[in-house]
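Remarks on the overall topology
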Amino acid sequence: MLKEAKKIIYFFFFISLITWITSFAIKFLLPVTIIFCLVTLFLINFFRDPNREIKTNEDVLYSPADGKIFDIEETEDSFCIKIFMSIFDVHIQRSPSSGVVKKIEYKEGKFIPAGKKETDIQNEQNTIVIESRDGDNFVITQIAGIFARRILCWVKERQNIKQGQKIGAILLGSQVNFVFPRNKYRLLVTKNQKVFAGITVVAIKVKQ
């Protein structure tokens, strides 16, 4: 479970407990108790942080997020995979490769629904640039959605990170964009595919 979410969950659990005890005397509070209990269970599931065994392989790039690929953009130099995370997905982001955090840039913005073309232009976002040992730049952008109101970044500039390491999280439904060099990697995923952070291989290095 995310440590940042514990206070929220404890709050709803405490309210659930109080309303349940009070419902013995005030009967109409029983439905309220059920609602608070359901909210508590939802939050426990949403803020889950499952253990994952990461198989390190510097010849591949892992997905930086759980979710569904809703778009893949290609330019002459790069691929951009856009991942939509629903409220049922794990919302922790992981590094697709080992390297050094070259740059972190936060930008304020709107909170329009994630998964739309204008989302990654207008919404609040945090961009993490990771430079690999080979000098390749991998860009992971955490983008807030209509319900997301907090982006967490757990790494700092010039920090060495390992492949699959947790680098941040976004609270509630949101989006993650992943940009990497097109000339050095072959894309292995397709639009509408379900992916998992640190597990799903999204690209493999092309042998030079």
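Residues numbered from 1 in each chain as written. Predicted model: local features only at pLDDT ≥ 70, side-chain atom pairs only at ≥ 80, totals over all residues. Heavy atoms only, no water.

1. Observations regarding the overall build of the protein
From N to C terminus, the protein includes three helices and 14 strands. Sequence-distant contacts, at least 24 apart, represent 68% of the contacts inside the protein between residues at least 6 apart. Carbon together with sulfur atoms contributes 60% to the accessible area of the protein, which is approximately 11300 Å² in total. (Helix = DSSP H or I, 4+ residues; strand = E, 2+ residues; numbered from the N terminus. Contact = heavy atoms within 4.5 Å. Areas by Shrake-Rupley, 256 points an atom, 1.4 Å probe, with all protein chains shown as cover.)

2. Section: the nonpolar core
Counting residues in each nonpolar core, the largest one holds 27 residues, and the members touching the most others are Leu 61, Ile 69, Ile 81, Phe 178, Phe 180 and Val 202. With residues near it in sequence (within four places) discarded, Phe 178 still touches Leu 61, Tyr 62, Pro 64, Phe 79, Cys 80, Ile 81, Pro 96, Phe 138, Val 139, Ile 140 and Val 202. (Core = buried A, V, L, I, M, F, W, Y, C linked by side-chain atoms within 4.5 Å. Buried < 20%, exposed > 50% of the residue type's maximum accessible area, 1.4 Å probe, protein only.)

3. Description of the pattern of salt bridges
A complete count under the given rule lists eight salt bridges for this structure. Across the pair Glu 74 and Arg 182 runs a salt bridge, and its minimum N-O distance is 3.1 Å. Highlighted residues: Glu 74 in strand 2 (residues 67–74) and Arg 182 in the loop between strand 11 (174–181) and strand 12 (185–187), separated in sequence by 108 residues. Accessibility expressed as a relative area gives 33% for Arg 182, which makes it partly exposed. A salt bridge links Asp 136 to Lys 184, with the shortest nitrogen-to-oxygen separation between them at 2.8 Å. Highlighted residues: Asp 136 in the loop between strand 6 (125–131) and strand 7 (137–144) and Lys 184 in the loop between strand 11 and strand 12, separated in sequence by 48 residues. Judged by relative accessible area, which is 6%, Asp 136 ranks as buried. (Salt bridge = Lys/Arg side-chain N within 4 Å of Asp/Glu carboxyl O.)

None of this, on its own, says anything about what the molecule does.
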